[in-house]
Amino acid sequence: MTASYDVLVVGAGFAGSVVAERLASTAGARVLVVDRRSHVGGNAYDHLDDAGVLVHRYGPHIFHTNSHEVARYLSRFTAWRPYEHRVRASIDGRLLPVPINLDTINAVYGLSLSEDDVKEFLATVAEPRSHIRTSEDVVVNAVGRRLYELFFRGYTRKQWGLDPSELDASVTARVPTRTDHDDRYFTDQFQAMPRDGYTAMFQRMLSHPNITVALETDHRDVGRIGYDELVYSGPVDAFFDMRYGELPYRSLEFRFETHDREVFQPYPVINYPNEHDYTRVTEFKYLTGQRHDRTTVVYEYPRAEGPPYYPIPRPDNAARYAKYRALAERTPGVHMVGRLGTYKYYNMDQVVAQALAVARRIAKGRAAFDERRELTTSA
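Presented here is an overview of the structure given in this document.

Bringing the overall build of the protein chain into the picture now. A count of helical and extended segments in the protein chain gives 13 helices and 17 strands. The C-alpha radius of gyration computed for the protein chain amounts to 23 Å, which stays within 12% of the reference 21 Å derived for 379 residues, consistent with globular compactness. For the protein chain, the spread of C-alpha atoms along the principal axes amounts to about 80 × 55 × 40 Å. For the protein chain, the proportion of its 379 residues judged to be buried stands at 54%. Partitioning the intrachain contacts of the protein chain with sequence separation of at least 6 by distance along the chain shows that 71% fall at a separation of at least 24. For the protein chain, the exposed area adds up to about 17900 Å²; of that, 47% sits on carbon and sulfur atoms. Taken together, the 48 basic and 50 acidic charged side chains of the protein chain have centroids lying 4 Å from each other.

Laid out in structure tokens, this is it:
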């Protein structure tokens, strides 16, 4: 591949696609997007399986945000289907609401507490921690040992391969505790799924005439192309050839099953904190709204080895990443984005917001450079 571009973007997921589209549309940049996979969309990629059911190849992706900017931006490329996600956990033969809410607490303790009573009750079972450092601290400080053991400890040990006492507080802090009957998994103002799926949204995003997409292509193998800026959404340690050692990630194995019935389970996602090797089962038709006489579900098995999905939030990993971040900041023309590029457990909307900010920064820098060049030429 021999050509010249203004920007090389590595990765066609949310981070890379948003940066590419913004720079092509607002800065007139010629952008080459490369991805080692055979499709755009990154981990949000969806497609019809052999049964014709729309599935998410890399596990469920539920879009939600409180950012008007992010929702407004993505709405340029998709219409939306309103969707509020609900999850249950399999606990001692019962399916109980997650995040923990008033109904969960009453079911576990055999009580009939009201919203006025529940905070006082939780204060009697909580184990106050003066310093919240770990994921265990977060939960037992809020709801006590019993709910922690039933809902969090087993699930976390499977998902991360570590006890919650070994993980940063940010992991379980993502899951709130509610004192009302709200059983929605998220409470963001904007909750919806792309009407035609994620892949269609990405295809529209990358359809700008200034954007060239090369799939099944590693950025190290693109040949003698010229570019001014490089935007990288892959693992930051790999980009720098593991100079400071490898940053650890958790991976996932997905096992899909198609069933000859319209509905397989009573909720979109069922978590299994204390049984089975898998963490959860997702039935996609709830998410997509697709009508079909068959249904497909996916079982998620956490793995220590495999494609990187989740940066592991521990102090030693953060310290190692800080070295890579400093190195990236010292490397001219290189911009790290996304979960892997910045080693942070972002939601999709957070990745979009980060990518929009990076694109603005690059566009501003390019405009300043062009202005200086014009002044030099005219002098």
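Next comes the rest of the description.
On a regular strand, one side chain projects to one face of the sheet and the next to the other, so that they alternate. For strand E9 (residues 190-194), the tally of buried residues reaches four of five residues, placing the bulk of the element in the interior. With three bridges connecting them, strand E6 (residues 80-82) and E9 associate as antiparallel partners. Bridge assignment links Pro 82 to a residue of E9, and that residue is Ala 192.

Within the secondary structure, Asp 46 sits in strand E3 (residues 46-48). The side chain of Asp 46 sits in the buried core without any salt bridge; Arg 57 is the nearest counter-charge, 9.8 Å away. Apart from the residues lying within four places of it in its own chain, the contact partners of Asp 46 are Leu 54, Val 55, His 56, Gly 197, Tyr 198 and Thr 199.

Moving on, we come to the environment of Tyr 278. By secondary structure assignment, the location of Tyr 278 is in the loop between strand E13 (269-271) and strand E14 (280-283). Residues Tyr 278 and Gly 52, 226 residues apart in the sequence, show an inter-C-alpha distance of 25 Å. In terms of polar contacts, Tyr 278 uses its side chain to reach the side chain of His 276, at 3.4 Å.

This next bit is on the nonpolar core. The biggest cluster of nonpolar side chains holds 45 residues, and the ones touching the most others in it are Phe 14, Leu 23, Val 31, Leu 74 and Tyr 198. Among the elements that make up this core, the one with the highest residue count is helix H13 (residues 348-378) (nine residues). For Leu 74, the residues in contact, after removing those within four places along its chain, are Phe 14, Phe 63, Trp 80, Met 201, Met 205 and Val 352. Core analysis: the next-biggest nonpolar cluster, separate from the first, contains 39 residues, Leu 32, Tyr 232, Val 334 and Tyr 343 among them.

Now for the sheet that holds E6. Strand order in the open sheet made by the three strands is E5-E9-E6, with antiparallel pairing throughout. In this open sheet, the two strands that pair with only one neighbour each are strand E5 (64-65) and E6.

Here we have seven strands laid out as an open sheet, ordered E8-E7-E13-E14-E15-E12-E16, and mixed in their pairing. What marks the edges here is a single partner per strand, and that holds for strand E8 (94-98) and strand E16 (310-311). Strands in contact with helix H6 (residues 145-160) are strand E7 (87-91), E8, strand E12 (249-259), E13, E14, strand E15 (295-303) and E16; relative to E12, the strand with the most contacts, it is inclined by about 105°.

With that settled, the discussion passes to the packing of helix H3 (residues 102-109) against H6. Where H3 meets H6, the closest approach of the two axes is 12 Å, and the angle between their N-to-C directions is 105°. Here H6 runs roughly perpendicular to H3, going by the angle between their axes. Residues Thr 104, Ile 105, Val 108 and Tyr 109 of H3 pack against Arg 146, Leu 147, Leu 150 and Phe 151 of H6.

In this structure, the amide linkage connecting Val 98 to the following residue, Pro 99, adopts the cis form with an omega of 0°. Residue position: Pro 99 is located in the loop between E8 and H3. Even without being a glycine, Met 242 presents a positive backbone phi close to 55°. Here Met 242 lies in the loop between helix H9 (236-239) and E12. If you check the backbone angles, His 276 has positive phi at about 70° while not being a glycine. With relative accessibility at 42%, the residue His 276 sits in the partly exposed group.

Now for a negative patch on the surface. A cluster of acidic residues, Glu 115, Asp 116, Asp 117 and Glu 120, forms a negative patch at the surface. Within the secondary structure layout, Glu 120 lies in helix H4 (residues 115-125).

This part takes up the pairing of E14. Side chains Arg 280 and Thr 282 of E14 all project onto a buried face; the interleaved residues Val 281 and Glu 283 project onto the opposite face, where all are buried too. Pairing between E13 and E14: three bridges, direction antiparallel. Bridge pairing links Asn 271 to Arg 280 in E14.

Conventions we followed
- Residues numbered from 1 in each chain as written.
- Predicted model: local features only at pLDDT ≥ 70, side-chain atom pairs only at ≥ 80, totals over all residues.
- Heavy atoms only, no water.
- Helix = DSSP H or I, 4+ residues; strand = E, 2+ residues; numbered from the N terminus.
- Rg over C-alpha atoms; globule rule 2.2 N^0.38 Å.
- Buried < 20%, exposed > 50% of the residue type's maximum accessible area, 1.4 Å probe, protein only.
- Contact = heavy atoms within 4.5 Å.
- Areas by Shrake-Rupley, 256 points an atom, 1.4 Å probe, with all protein chains shown as cover.
- Lys, Arg positive; Asp, Glu negative; His and termini not counted.
- Charge placed at Lys NZ, Arg CZ, Asp CG, Glu CD.
- Pairing = 2+ DSSP bridges.
- Salt bridge = Lys/Arg side-chain N within 4 Å of Asp/Glu carboxyl O.
- Polar contact = N/O pair within 3.5 Å; in protein donor to acceptor, adjacent residues only side chain to side chain.
- Core = buried A, V, L, I, M, F, W, Y, C linked by side-chain atoms within 4.5 Å.
- Axes fitted to C-alpha atoms, helices over the stretch in contact; angles between N-to-C directions.
- Parallel < 35°, antiparallel > 145°, perpendicular 65-115°, else oblique.
- Patch = residues over 30% accessible without salt bridge, like charges linked within 9 Å, V, L, I, M, F, W, Y side chains within 5 Å.

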